[in-house]
Amino acid sequence: MVDNPAAVLQVRGLTVRYGSVRAVHGLNLDVSAGEVLGVIGANGAGKSSLVNAIAGATRSSSGSIALNSRDITKAPVTERVRAGIAVSPEGRGILAGMTVEENLRLGAYSVRRRDRNVLGGRLAEAFAIFPVLGERRSQMAQTLSGGEAAMLSVARALMSGPCLLLLDEPSLGLAPIMRQRLFERIAVLKRTGLAMVIVEQRAAELLEVSDRLLQMRRGESAGIGRAAEMDAESLARLYFGAAAAPGPSAPS
Ligand code: ATP
């Protein structure tokens, strides 16, 4: 199956079904270290199903998923976390009744208790990337602003020390200024060499941080192209969901 050993993530022929509903169909994609793949598409296009299948939260019906050339198609979530996959899920999944720091420590559950230095180092890294979380470390998560909560969700995912970060609609519900701030932080993260898959329904900021954009339509790839090569016309097609595909359609 593995024909691109340089890819951190390699997905081949992925299909996800819920009973008779086919949410993802025959999807192929590769993501390399330091690369951001943006995934866009209308409601119900299959974006979350793709993310959940990679994370192991949803079972894939057929196809294969490999992380650093290792087949993880059938691996349970915990094994995928240990292998280096982390997710900030749709809805953020932070625990409102816990503090910022407690949420972050939960994200590091895969770090063994005796590895205190690792845990301390990860907390320091999270606060370096998201300084506002350092300022709010003792504050209950339920008192955070929407933008801070979005940052906490991403930071918590980082606590497991991933090589692949999956973000499902990280900027959902944020005002434009907060969306911009969040994506500024994501750009900082990208420079650390993380591979990222970021799902957004629509966001100009996604284009700025992405190396490539995958457009999903009815569970399939409607095109995958270099973000830098997208002109206003192809972007408009992406946003407004016209039938034409953006850019080249090869899965690179
Ligand atoms: P959104 O932007 O609204 O979150 P999406 O692109 O993430 O949409 P999915 O949530 O992956 O799309 O849904 C893809 C299809 O699968 C939709 O038709 C949806 O109704 C269906 N679906 C998703 N989850 C389930 C489920 N647990 N059971 C049955 N059908 C589901």
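Scroll up for the structure.
Let us look at the structure shown here. (Residues numbered from 1 in each chain as written. Predicted model: local features only at pLDDT ≥ 70, side-chain atom pairs only at ≥ 80, totals over all residues. Heavy atoms only, no water.)

Some words on the overall build of the chain
Per the secondary structure count, the chain includes nine helices and ten strands. Buried residues in the chain amount to 49% of all 252 residues. Entry remark: accessible area of the chain is about 11500 Å², with carbon and sulfur atoms responsible for 51%. (Helix = DSSP H or I, 4+ residues; strand = E, 2+ residues; numbered from the N terminus. Buried < 20%, exposed > 50% of the residue type's maximum accessible area, 1.4 Å probe, protein only. Areas by Shrake-Rupley, 256 points an atom, 1.4 Å probe, with all protein chains shown as cover.)

Description of the environment of Gly 93
Take Gly 93: it is sitting in the loop between strand E6 (85-88) and helix H3 (100-107). Between the C-alpha atoms of Gly 93 and Arg 156, which are 63 residues apart in sequence, the distance is 9.8 Å.

A few points about the site of the ligand
Near the ligand lie 14 residues; those nearest to it are Gly 44, Gly 46, Lys 47, Ser 48 and Ser 49. Take Lys 47: an N or O atom from its side chain is 2.7 Å from an oxygen atom of the ligand. For the ligand, whose accessible area on its own is 630 Å², the fraction buried by protein is 60%. For the shell around the ligand, the secondary-structure elements that each account for two or more residues are strand E2 (21-32) and helix H1 (47-55). At three residues, the largest contribution of residues to the shell around the ligand is made by H1. In the shell around the ligand, the residues fall into five nonpolar, six polar and three charged. (Near = heavy atom within 4 Å. Polar contact = N/O pair within 3.5 Å; in protein donor to acceptor, adjacent residues only side chain to side chain. Nonpolar A, V, L, I, M, F, W, Y, C, P; charged D, E, K, R; others polar.)

With respect to the packing of helix H6 (residues 146-158) against helix H7 (residues 176-190)
Running from amino to carboxyl end, H6 crosses H7 at an angle of 20°, the nearest separation of the two axes being 9 Å. Relative to H7, H6 is oriented roughly parallel. Crossing of H6 against H7: the hand is right-handed. On H7, the residues touching Gly 147, Glu 148, Ala 150, Met 151, Val 154 and Leu 158 of H6 are Met 178, Arg 181, Leu 182, Arg 185 and Leu 189. Per-class residue counts for the contact of H6 with H7 are seven nonpolar, one polar and three charged. (Axes fitted to C-alpha atoms, helices over the stretch in contact; angles between N-to-C directions. Parallel < 35°, antiparallel > 145°, perpendicular 65-115°, else oblique. Left-handed = near helix turned anticlockwise from the far one by under 90°. Contact = heavy atoms within 4.5 Å.)

Examining the nonpolar core
For soluble globular proteins, the rule of thumb is that nonpolar side chains tend to be buried together. Leu 133, Leu 165 and Ile 198 are the most contacted members of the largest nonpolar core, which totals 42 residues. Per element, the largest residue contribution to this core is eight residues, and it comes from H6. When sequence neighbours within four positions are dropped, the list of residues in contact with Leu 165 reads Ala 86, Val 154, Ala 157, Leu 158, Leu 189, Leu 194, Ala 195, Met 196 and Val 197. In terms of nonpolar packing, the next biggest core, distinct from the first, is built from 31 residues, Ala 45, Ile 65, Met 216 and Ile 224 among them. (Core = buried A, V, L, I, M, F, W, Y, C linked by side-chain atoms within 4.5 Å.)

What to know about the side chain of Arg 212
Structurally, the position occupied by Arg 212 is in strand E9 (residues 212-217). Engagement of the side chain of Arg 212 in a polar contact is seen with the backbone oxygen of Asp 30, the distance being 2.5 Å.

Focus on the environment of Asn 4
Within the element layout of this structure, Asn 4 appears in the segment before strand E1 (7-18). Asn 4 sits in the partly exposed class, given a relative accessible area of 22%. In the structure, Asn 4 is positioned 28 residues away from Ser 32 in sequence and 9.6 Å away in space, judged by C-alpha atoms. Every residue in contact with Asn 4, bar those within four places of it in the chain, is listed here: Gln 10 and Asp 30.

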